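Fold and contact review
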Number of protein chains: 2
Amino acid sequence: MDEFALIRRYFTDGGVMRADTVLGIGDDAAVLRVPDDRQLVVTTDSLVSGVHFPAELQPDAIGHRALAANLSDLAAMGAEPAWVLLALTLPEADERWLESFSEGFFRLARSHHVALVGGNVARGPLNITITAHGLVPSGQALMRKGARPGDAVYVTGHPGDAAAGLKLIQSGHGDTSNDCVQRFCYPEPRAAAGIGLRGIASAMIDISDGLLADLSHLLAASDVGATLELAGLPLSQTLLASYPAETGRHLGLTGGDDYELCFTVPNERLSELHRRVADLGCEVTRIGSIETEAGLRLRDEHGNLKGTDSLGYRHF
Amino acid sequence: MDEFALIRRYFTDGGVMRADTVLGIGDDAAVLRVPDDRQLVVTTDSLVSGVHFPAELQPDAIGHRALAANLSDLAAMGAEPAWVLLALTLPEADERWLESFSEGFFRLARSHHVALVGGNVARGPLNITITAHGLVPSGQALMRKGARPGDAVYVTGHPGDAAAGLKLIQSGHGDTSNDCVQRFCYPEPRAAAGIGLRGIASAMIDISDGLLADLSHLLAASDVGATLELAGLPLSQTLLASYPAETGRHLGLTGGDDYELCFTVPNERLSELHRRVADLGCEVTRIGSIETEAGLRLRDEHGNLKGTDSLGYRHF
C-alpha cells in the first residue's frame, strides 16, 4: 500500500471536526483560523523507537504517548489544544501496527478535541514526530520564567509513576493492570490543569525529563532557586508498593516521562488556587518554596538540607 | 554535549527576528501572533537518510533541502513563510555535521525571513522533520481544487533538473558546478511565485513527487483532466546536455524533488499573469490545458495523443 493509501485509510478521519479548521488533510498544507483574541502556541516532539519507548511496546500506547508528550507541552503553557500534524516514519506498512497506533492516537485526540490537520508518512526507522498547536488568550501564556522568591512550588499527580512503569516493563513485569505501567503507556496530559492555572501560576513547566531536571530549567529561566521538602513528595501507593522507599523517591525526583506539571504560585494567589482546584482534573501537591539563592536544595524528614548531587543525579 | 547544549550552540540564533514571535525557542512551546486578517497555513515534511537523500550528501544541502521542502508546500498555498520548528533525530552529536547542517538551514531561513521558534533533538537514525507555518490573507489560500476545463496548465522553472542531479550524484558525477546537481542540493522554494499567483491561479500544487504524479493529484482534487504538450516541456539545457532526449523528458515528467509549482490559470486571467510574471522570481511555462475528461494525456510533437502508461509510470 503506498503512502497516499495509508494516509487515507488510517489517518484521514479522527472524528474531530473544528469550525476553525478552514482546510484539513489532503492539500499541500492546512489552513487554520486563529481567533483575534488568541495567540498561537506551538510545540514539536519526537519519539524514537528504542530510545523513548521499548520497540515492542503496544502500538496504541506509542500513538497515545507521542500525542500526549506534545499536548503536555501545550498544557504547560496554559494553552487549549486545537490542531496537530503527524510525521510518521516507519520501516514497513504493517497494517495491524498502523490500526492500533492510530486507535491510540485518535482516542486521545478525541478526548481533547484535537484535529489532525496534516502529516507525512515515510519509510525508514520508526520515528513519530508530532507538532501540536494550541490557543491561549493573548498575553496569558504561562512560561518558565516568572517564579519569584516566596512562591510555592507545586506538582500535579504522582511523579515517578511513569519511570517505575517503564522499569517494570523492562524487567518483564509490565502488566497493564499496574497503575505505574498504565501511567507510562497512557500518560494523561494535564490540559485542564494548564488552562485552570492561567492567572494563578507565576511559572510552569511539564515534567518530561524528571522533576529535578525540569524544575531546574524553570528556576534558571526565572533566575531563582528553591528548596523541596522530600517528605511532601506525592509518591503513589503503587510506586511505593513496587519499589523500596529510596528507589521510589529517586524515581519521583529524577524519573522522566510523567508529563505532570510543575508550577509556582505566589502567596496571594494560594486561596484562588484552593478554590479552583476541583476544576484542574488532578491532584496538586505543594512540594517546596522558591528562594532567592540559585540552585535546588532538598530537605529531608529530619530537616537536614542536602544538594541534589547526593542523589547521584547531575544532569543539570 | 547534551541536547540542551546542542540546541543552544547551533539552533538558537538564526538571525531572524520577527515582531510577531511573542516567545521563541527555550520554553515548553512557542507563542506566536497571527494578524487578524490572516489565516495560518501549516505543513510538515520529513527527510530520512538513505530514502530522501544519499547518506553522504553534504550536511548543508540536507539542512537546505529539508527546509526547502516545507517552504515549497507553503508556496503552493500562496502563503508567505513565517515560522518553522525543527525536529532532528541524529545518531551522534557530530559537531562538524551540525555546524554545516545549521548553516544550510539558516541560510535559506534568512533569505525567506523565517524564524526557527521551536524544535527537538533526539538520538536515533538520521531524520529531519520540519513543520512550517505561513500566513495568507483570509480566504486567499490556493488549493489543489479549483481548476476548470479550459484553464491553462503552467509550471515554474525546469522540472527534471533535481532528479537528473540526484542521478549524477548517485553515478559519482555529482559536481556541484552542474546546475542539475545544484537544483537537487539547493532547491529554491518558489515563495515569491506562490504569493504573486494569489488571485490569478485557480489551483496549485508543488512538484515534489514528479510533475505527472502531482498534477494528477491536482486534477483529481479539481475533478477534471488535462492534456500536456510534450514539446512545451521546459527542460533545461543542462538536463538535455547530461542525458539523451528520451531520458530527459522522462525525468522532466516523473522525476521528483524539484519543488517547482504546477498551477492552472483561467483564460480571463492570462493577461494579468503576463503583467505580473516579472515579480514571480522564476520562469513560468504553459505546458497544457485542463479538460472535462478525467485523466492525464500527453500530446507529442507529431500531434499524437498517448496515455501516461506509455512512460512506464503508473504510480497514480
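Description of the structure in this document. (Residues numbered from 1 in each chain as written. Chains lettered and ligands numbered in written order. Predicted model: local features only at pLDDT ≥ 70, side-chain atom pairs only at ≥ 80, totals over all residues. Heavy atoms only, no water.)

A short note on the sheet that holds strand E8 (residues 203–207) of chain B
Residue and element names in this part refer to chain B. Pairing in this open sheet of seven strands is mixed, and the strands run E8-E10-E7-E11-E9-E12-E13 from one edge to the other. Of all strands in the sheet, those bounded by a partner on one side alone are E8 and strand E13 (305–307). Across this sheet, the average inter-strand angle for adjacent strands is 30°, counted without regard to direction. Of the strand pairs in this sheet, strand E7 (residues 152–156) and strand E11 (residues 284–291) are connected by five bridges, and their pairing is antiparallel. Bridging across to E11, Ala152 finds its partner in Ser289. (Pairing = 2+ DSSP bridges. Helix = DSSP H or I, 4+ residues; strand = E, 2+ residues; numbered from the N terminus. Axes fitted to C-alpha atoms, helices over the stretch in contact; angles between N-to-C directions.)

So, the packing of aromatic side chains
A full pass over the atoms with the stated rule returns twelve aromatic pairs over all chains. With 6.3 Å between their ring centres and 45° between their planes, Phe11(A) and Phe106(A) make a pair best called tilted. Note that Phe11(A) is positioned in helix H1 (residues 3–11) and Phe106(A) in helix H3 (residues 95–111), a separation of 95 residues in sequence. We note that Phe11(A), like Phe106(A), is buried. Between Tyr154(B) and Phe263(B), the ring centres sit 5.4 Å apart and the planes meet at 10°, which makes this aromatic pair stacked. One end of the pair, Tyr154(B), is in strand E7; the other, Phe263(B), is in strand E10 (residues 260–265), with 109 residues separating them in the sequence. Across the pair, exposure class does not vary: Tyr154(B) and Phe263(B) are buried alike. In textbook terms, an aromatic cluster arises when at least three aromatic residues are bridged by ring pairs, as seen for Phe11(A), Trp97(A), Phe101(A), Phe105(A) and Phe106(A). Just above the ring of Trp83(A) sits the side chain of Arg18(A); from NZ or CZ to the centre is 5.6 Å. (Phe/Tyr/Trp six-rings, centres within 6.5 Å; stacked < 30°, edge-to-face > 60°. Buried < 20%, exposed > 50% of the residue type's maximum accessible area, 1.4 Å probe, protein only. Lys NZ or Arg CZ within 6 Å of the ring centre and 35° of its normal.)

Here we look at the environment of Gly256(A)
Looking at the secondary structure, you find Gly256(A) in the loop between helix H9 (245–254) and strand E10 (260–265). Not counting chain neighbours up to four residues away, the residues in contact with Gly256(A) comprise Ala162(A), Ala163(A), Ser208(A), Asp209(A) and Gly210(A). (Contact = heavy atoms within 4.5 Å.)

Digging into the pattern of salt bridges
For the structure shown, the criterion picks out 32 salt bridges over all chains. Among the ionic pairs, Arg144(B) bridges to Asp28(A), the shortest N-O distance being 3.4 Å. One end of the pair, Arg144(B), is in the loop between strand E6 (127–137) and E7; the other, Asp28(A), is in the loop between strand E1 (21–23) and strand E2 (30–32), on a second chain. Between Arg144(A) and Asp27(B) there is a salt bridge, and its shortest N-O distance comes to 3.7 Å. Remark: Asp27(B) occurs in the loop between strand E1 (21–23) and strand E2 (30–32) and Arg144(A) occurs in the loop between strand E6 (127–137) and strand E7 (152–156); the pair is interchain, linking two chains. Using a relative accessible area of 15% as the deciding quantity, one classes Arg144(A) as buried. For Asp27(B), a relative accessible area of 15% translates into the label buried. (Salt bridge = Lys/Arg side-chain N within 4 Å of Asp/Glu carboxyl O.)

Let's talk about the packing of helix H2 (residues 59–75) of chain A against H3(A)
Residues and elements named next belong to chain A. At a minimum axis separation of 6 Å, H2 and H3 run at an interaxial angle of 35°. H2 and H3 meet at a crossing whose hand is right-handed. Contacts between H2 and H3 involve Pro59, Asp60, Ile62, Gly63, His64, Leu67, Ala68 and Leu71 from the first element and Trp97, Ser100, Phe101, Gly104, Phe105, Arg107, Leu108 and Ala109 from the second. For the contact of H2 with H3, the residue count by class is ten nonpolar, four polar and two charged. (Left-handed = near helix turned anticlockwise from the far one by under 90°. Nonpolar A, V, L, I, M, F, W, Y, C, P; charged D, E, K, R; others polar.)

Looking at the relation of the copies chain A and chain B
Each copy of the sequence occupies a distinct position, and chain A is placed on chain B by a rotation of 180° and an axial shift of 0.0 Å, giving an RMSD of 0.0 Å. Each copy turns onto its partner about a two-fold axis. For chain A, the residue whose C-alpha comes nearest the rotation axis is Asp36(A), separated from it by 2.7 Å. By residue overlap, the copies meet face to face through one surface: 100% of the interface positions of chain A are interface positions in chain B. (Least-squares fit on C-alpha atoms with pLDDT ≥ 70 in both.)

Details of the state of the cysteines
Residues and elements named next belong to chain B. Applying the stated criterion across every chain yields a total of zero disulfides over all chains. Left unpaired, Cys262 is separated from the closest cysteine sulfur, that of Cys282, by 13 Å. We classify Cys262 as buried; its relative accessible area is 1%. With a relative accessible area of 15%, Cys282 lands in the buried category. (Disulfide = S-S within 2.5 Å.)

Describing the interface of chain A and chain B
At the interface, 50 residues of chain A touch 51 residues of chain B. Buried surface at the junction of chain A and chain B, both sides included, amounts to about 4100 Å², of which 58% is carbon and sulfur. For the pair chain A and chain B, the number of links is four salt bridges. Along the contact surface separating chain A from chain B lie 14 residue pairs in polar contact (both at pLDDT 80 or more). Looking at the side of chain A that touches chain B, the elements with two or more residues in it are E1, E2, strand E3 (38–48), strand E4 (80–90), strand E5 (115–123), E6 and strand E8 (203–207) of chain A. For the side of chain A that touches chain B, the element with the highest residue contribution is E3(A), accounting for nine residues. Residue classes in the side of chain A that touches chain B are distributed as 24 nonpolar, 16 polar and ten charged. As judged from the three bridges shared by E2(A) and strand E3 (residues 38–48) of chain B, these two strands associate in the antiparallel manner. (Buried area = accessible area lost by both parts, 1.4 Å probe. Polar contact = N/O pair within 3.5 Å; in protein donor to acceptor, adjacent residues only side chain to side chain.)

By themselves, these observations are geometric and do not establish any function.
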